[in-house]
Amino acid sequence: VEALAMSAACLAVPALLLLLGMCPRGPDSMPRAGHAGSLPEVSWGRTSDQDKMANAATTVCVTGVTGYIASHIASQLLAQGYTVRGTVRSLADKGKYAFLEKLAGNLGAADRLTFVEADLLQEGSYDAAFAGCKCVMHTASPFVIGKVSDPQATFIEPAVRGTENVLRSVGKTDSVVRVVLTSSVVSIWGNIDGRGEGHVFTEADWNEESTLESNAYGLSKKLAERKAWELADAQSRYKLVVINPGFVMGPTLSGRDDTASVGFLRDYLTGKLRTGVPELRFAIVDVRDVAAAHIAAMTSSTAEGRYLCAKAPMSMLEVADALRTKFPGYPLPSMTVPKLLLYIVGPLLAGLSWNYITHNIGIPLAFDNSKIRKDLGIAFDAHSLTQTLVDMADCMLDVGIVPRK
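Residues numbered from 1 in each chain as written. Predicted model: local features only at pLDDT ≥ 70, side-chain atom pairs only at ≥ 80, totals over all residues. Heavy atoms only, no water.

Quick notes on the overall build of the chain
Within the chain, the secondary structure is distributed over 15 helices and 12 strands. By the burial criterion, 59% of the 405 residues in the chain qualify as buried. For the chain, the proportion of contacts with a sequence separation of at least 24, taken over those separated by at least 6, is 82%. As displayed, the chain has an accessible area near 15,600 Å², and 52% of this comes from carbon and sulfur atoms. (Helix = DSSP H or I, 4+ residues; strand = E, 2+ residues; numbered from the N terminus. Buried < 20%, exposed > 50% of the residue type's maximum accessible area, 1.4 Å probe, protein only. Contact = heavy atoms within 4.5 Å. Areas by Shrake-Rupley, 256 points an atom, 1.4 Å probe, with all protein chains shown as cover.)

Following this line, the structure appears as structure tokens:
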């Protein structure tokens with residue numbers, strides 16, 4: 001019993017990340033320094049020289065460009081010849097975006113990457129950043145891990161106001177014809193059994209279960225996306241397309257250790273979860289597929305509405321099993337923690353309500369990703385789930401986030 005209690009206490013934070021179903025990314029407002037070591041080489045398929053020359057005339061603004069997802073979007077855009085303008089909190093803090101300059105140089109694209117200061121919560125802050133851009137990829141979002149005392153001020157107001165500020169700047173920029181917004185699957189579902197056990201989630205579903213008291217982060221993502229659609233539907237110049245990723249995994253380009261995804265896998269490799277994990281399933285997706293989906297949403301003539309972007313459901317124990325063969329020397333979990341213990345420690349350590357535990361732990365998850373496959377051609381076949389996790393773990397070991405054994 002003592003061992004199980006220790007396990008439940010250790011997994012409180014990562015359990016929160018997963019229960020929220022978030023699309024983790026390191027916001028450019030609060031990054032920590034990267035680790036020494038070599039970062040993964042970037043290779044995103046083939047784009048002809050002729051296509052690259054044509055794409056260079058298109059400037060795409062990526063908000064929060066140093067983030068986990070955003071940096072992959074920028075890398076793929078540069079590799080395909082596009083001109084990228086990334087927003088950062090401070091140009092003076094060059095160390096936070098130097099990895100992107102190096103990456104652009106390796107791609108021979110140093111002249112096609114620029115940075116502009118912008119504050120997500122300051123009205124008009126993005127006006128200059130969007131000037132002359134044809135597309136805006138809005139990935140930046142306020143993000144706080146763990147229990148908070150005022151979820152309205154911490155999650156709801158920043159998420160909704162930030163989205164509104166970005167789209168109002170778009171509304172003043174005649175050159176922008178398309179906006180691709182990074183939302184989340186938590187905008188689609190709040191509780192896994194919210195529509196009854198056995199329900200298959202699609203883009204037609206909206207999270208109606210999350211509240212300030214139970215999964216305020218999920219509520220904030222839904223309200224922010226609703227605000228985006230409200231503003232987009234009130235005009236006719238630009239088209240809004242929304243990508244709703246699941247739990248995003250895969251190699252980090254920045255080498256930073258401050259993203260929820262990296263923290264989650266680090267807890268596996270360092271043994272923090274060795275005594276067990278909850279029986280929790282989530283929608284997993286490779287960060288490289290998420291980035292490709294954003295670009296396809298920008299370029300596809302058939303792109304329309306929302307896109308649930310996840311490969312398949314996967315349990316926390318299955319994550320450990322996927323890593324076990326390649327990383328035999330690491331203390332990976334081999335059992336699940338009883339749901340009863342989560343009722344005890346969840347509300348105290350991770351801000352998880354009994355209601356949320358009841359409706360998510362041990363509940364099967366099913367979703368339909370056929371729309372993104374059909375409309376955007378995202379087949380999710382470039383990487384198996386195991387390869388996604390192995391690539392991420394290898395990257396973390398290479399850059400020193402976790403010591404290699």
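Overview of the side chain of E209
Relative to the helices and strands, E209 resides in the loop between β5 (178-182) and α8 (216-233). E209 gets classed as buried once you look at its relative accessible area, which sits at 17%. A polar atom in the side chain of E209 sits 3.1 Å from the backbone nitrogen of G190. (Polar contact = N/O pair within 3.5 Å; in protein donor to acceptor, adjacent residues only side chain to side chain.)

Thoughts on the pattern of salt bridges
As enumerated under the stated definition, the model contains 21 salt bridges in all. The salt bridge partner of K172 is D127, with a shortest N-O separation of 2.9 Å. Placement of the pair is K172 in the loop between α7 (151-171) and β5 and D127 in helix α6 (residues 127-130), with a sequence separation of 45 residues. Residue D391 pairs with R288 through a salt bridge whose shortest N-O separation is 3.0 Å. Of the two residues, D391 is situated in helix α15 (residues 385-398) and R288 in helix α10 (residues 287-299); the sequence distance between them amounts to 103 residues. Its relative accessible area of 13% is what places R288 among the buried residues. (Salt bridge = Lys/Arg side-chain N within 4 Å of Asp/Glu carboxyl O.)

What about the packing of aromatic side chains?
Tallied over the full model, the rule gives 11 aromatic pairs. A ring pair is formed by Y343 and W354, whose centres lie 5.7 Å apart and whose planes are at 80°; its orientation type is edge-to-face. Remark: W354 occurs in helix α13 (residues 354-360) and Y343 occurs in helix α12 (residues 339-350); sequence separation between them is 11 residues. You can call Y343 partly exposed: its relative accessible area is 21%. Of the residues examined, W354 reaches a relative accessible area of 55% and is grouped as exposed. Put simply, the rings of F247, F264, Y268 and F282 touch in pairs and so form one group of aromatic residues. Above the face of the W206 ring, R306 is positioned so that its terminal group lies 3.6 Å from the ring centre. (Phe/Tyr/Trp six-rings, centres within 6.5 Å; stacked < 30°, edge-to-face > 60°. Lys NZ or Arg CZ within 6 Å of the ring centre and 35° of its normal.)

Description of the environment of R226
Structurally, the position occupied by R226 is in helix α8. Its relative accessible area of 38% is what places R226 among the partly exposed residues. Expressed as a C-alpha distance, the spacing of R226 and T163, which sit 63 residues apart in the sequence, is 9.8 Å. Not counting chain neighbours up to four residues away, the residues in contact with R226 comprise W206 and E208.

Things to note about the packing of helix α9 (residues 260-269) against α15
Between two packed helices, both the angle of their axes relative to each other and the distance between the axes serve to describe the pair. For the pair α9 and α15, interaxial distance at closest approach is 11 Å and the crossing angle is 85°. Judged on the interaxial angle alone, α15 and α9 are roughly perpendicular. Here S261, V262, L265, R266 and L269 of α9 come into contact with α15, specifically with L389, M392, A393 and M396. Classifying every residue of the contact of α9 with α15 by side-chain character gives seven nonpolar, one polar and one charged. (Axes fitted to C-alpha atoms, helices over the stretch in contact; angles between N-to-C directions. Parallel < 35°, antiparallel > 145°, perpendicular 65-115°, else oblique. Nonpolar A, V, L, I, M, F, W, Y, C, P; charged D, E, K, R; others polar.)

Notes on the environment of P333
The residue P333 is located in the loop between α11 (316-324) and β12 (336-337) in this model. Sequence spacing of P333 and D321 is 12 residues, and the spatial spacing of their C-alpha atoms is 8.5 Å. In this structure P333 touches Y268, L273, R274, G276, V277, L317, A320 and R324, once residues within four positions along its chain are discounted.

Quick notes on the state of the cysteines
A disulfide bridge is the covalent bond that connects two cysteines by way of their sulfur atoms. By the definition in use, this model includes zero disulfides. Distance from the sulfur of C61, which forms no disulfide, to the nearest cysteine sulfur (C133) is 4.9 Å. (Disulfide = S-S within 2.5 Å.)

Overview of the sheet that holds strand β4 (residues 135-138)
With respect to topology, seven strands assemble into an open sheet ordered β3-β2-β1-β4-β5-β6-β10, the strand pairing being parallel. In the strand order of this sheet, the two ends are held by β3 (113-117) and β10 (305-309), each with one partner. Within this sheet the neighbouring strands show an average axis-to-axis angle of 20°, counted without direction. Examined bridge by bridge, strand β1 (residues 59-62) and β4 share three bridges and lie parallel to one another. When the bridges of β4 are listed, V60 appears paired with C135. Most of the contacts of α8 go to strand β6 (residues 239-245), to which it runs at about 165°, and overall it touches β5, β6 and β10. (Pairing = 2+ DSSP bridges.)

Focus on the sheet that holds strand β9 (residues 281-286)
A sheet is described by the order of its strands in space; here three strands give the open sequence β7-β9-β11, paired in mixed fashion. The two strands at the open ends of the sheet, each matched to only one other strand, are β7 (247-249) and β11 (312-315). Strand-to-strand twist in this sheet, taken as the mean axis angle between neighbours without regard to direction, amounts to 50°. When β9 meets β11, the two strands line up antiparallel, connected through four bridges. When the bridges of β11 are listed, F282 appears paired with M314.

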